[in-house]
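# Analysis of the macromolecular model
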Amino acid sequence: GIIGTVFIGLLVFAIWDYIVSGKSVVRLGDYRSLSYTSTERDSAGSQVVEELVKRSTFGGQVRRNGESLYAESMRVYKDNANYLGITLSEYLKVYYGAYEEDFRKKVKESANLVAREEAVLDAVADREKIVLSETQFEHLLLVYMESVGYTERQLFLRDYNEKELRIRMRRDITTDYLLTISKGPALED
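Let me begin by describing the structure that accompanies this report. The model shown is predicted, which means the values in this text are computed figures rather than measured ones.

## Topic: the packing of aromatic side chains
The relative placement of two aromatic rings is captured by the distance of their centres and the angle of their planes. All told, the structure shown has eight aromatic pairs when counted by the stated rule. Note on tyrosine 91 and tyrosine 95: the rings are 5.0 Å apart at their centroids and 35 degrees apart in plane angle, and the pair reads as tilted. Here tyrosine 91 pairs with tyrosine 95, and both are found in helix α4 (residues 88–96), just four residues apart, close to one helical turn. Between tyrosine 150 and phenylalanine 156, the aromatic rings sit 5.2 Å apart at their centres with planes inclined by 75 degrees, giving edge-to-face as the arrangement. We classify phenylalanine 156 as buried; its relative accessible area is 2%. An aromatic cluster of three or more residues is present, and its members are Tyr77, Tyr91, Tyr95, Tyr96 and Phe103. When the ring centre of tyrosine 99 is taken as reference, the NZ or CZ atom of lysine 93 above it lies at 3.9 Å.

What follows is the structure, encoded as structure tokens:
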């Protein structure tokens, strides 16, 4: 009757308000049937995450995260230009061979993609209860340090935020998890 109709109407409004307000993050697509074609681990990981992004639906919070990543990236480019005493347009033309409008468009696309990739990885990790152990943290810390040329742990953790590193590492082990449940050729070590 009327109570059921009112309830459904309120429920639909609440869902609409939740999505439009930007409180929603991601509605995961099916991640149990992903596939990859590469035998190289990083490339295969990128393939499964890209496929999952295409299968998922994103809410306002992900859009805002993308906008924030874009703004931060552009701030770095502007700071670099200011440091050199040239305009942003001059900086982008000289150092990247790009026109500012085209460059901004590419940075925005990249920032939005990163936000979506992070959202799906965090959602899978939450759903599967993936936790970064201290052993994994210590191992990955050495890998990360080596990849950027650090030999001293204290210096690395001074220059890189540990909380952000842990988030990134959890996303890395989540990507590894997705690879273990996806179909594809044997991966090189």
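Picking up after the structure, the text goes on.
## Topic: helix α2 (residues 41–55)
Helical geometry: 3.6 residues make up each α-helical turn, so side chains three or four residues apart lie on a common side. With 15 residues, α2 should reach 21 Å at 1.5 Å per residue; the first-to-last C-alpha distance of 21 Å fits that figure. For α2, the full list of buried residues reads Ala44, Gly45, Val48, Val49, Leu52 and Val53. Buried residues in α2 make contact with β2 (57–58), α5 (100–127) and α8 (162–181). Here α2 starts with a cap whose side-chain oxygen sits 3.2 Å from the backbone nitrogen of aspartate 42, and that cap is glutamate 40.

## Regarding α4
Along α4, the positions that sit buried rather than exposed are Leu88, Tyr91 and Leu92. All buried residues of α4 project into a common sector of 95 degrees when viewed along the axis, lining one side. Contacts made by the buried residues of α4 are with α3 (60–84) and α5. Directly beyond the C-terminal end of α4, a positive phi value near 60 degrees is found at glycine 97.

Calculation rules
Residues numbered from 1 in each chain as written. Predicted model: local features only at pLDDT ≥ 70, side-chain atom pairs only at ≥ 80, totals over all residues. Heavy atoms only, no water. Phe/Tyr/Trp six-rings, centres within 6.5 Å; stacked < 30°, edge-to-face > 60°. Helix = DSSP H or I, 4+ residues; strand = E, 2+ residues; numbered from the N terminus. Buried < 20%, exposed > 50% of the residue type's maximum accessible area, 1.4 Å probe, protein only. Lys NZ or Arg CZ within 6 Å of the ring centre and 35° of its normal. Expected span 1.5 Å × (residues − 1). Contact = heavy atoms within 4.5 Å. Polar contact = N/O pair within 3.5 Å; in protein donor to acceptor, adjacent residues only side chain to side chain. Arc of directions from axis to C-beta.

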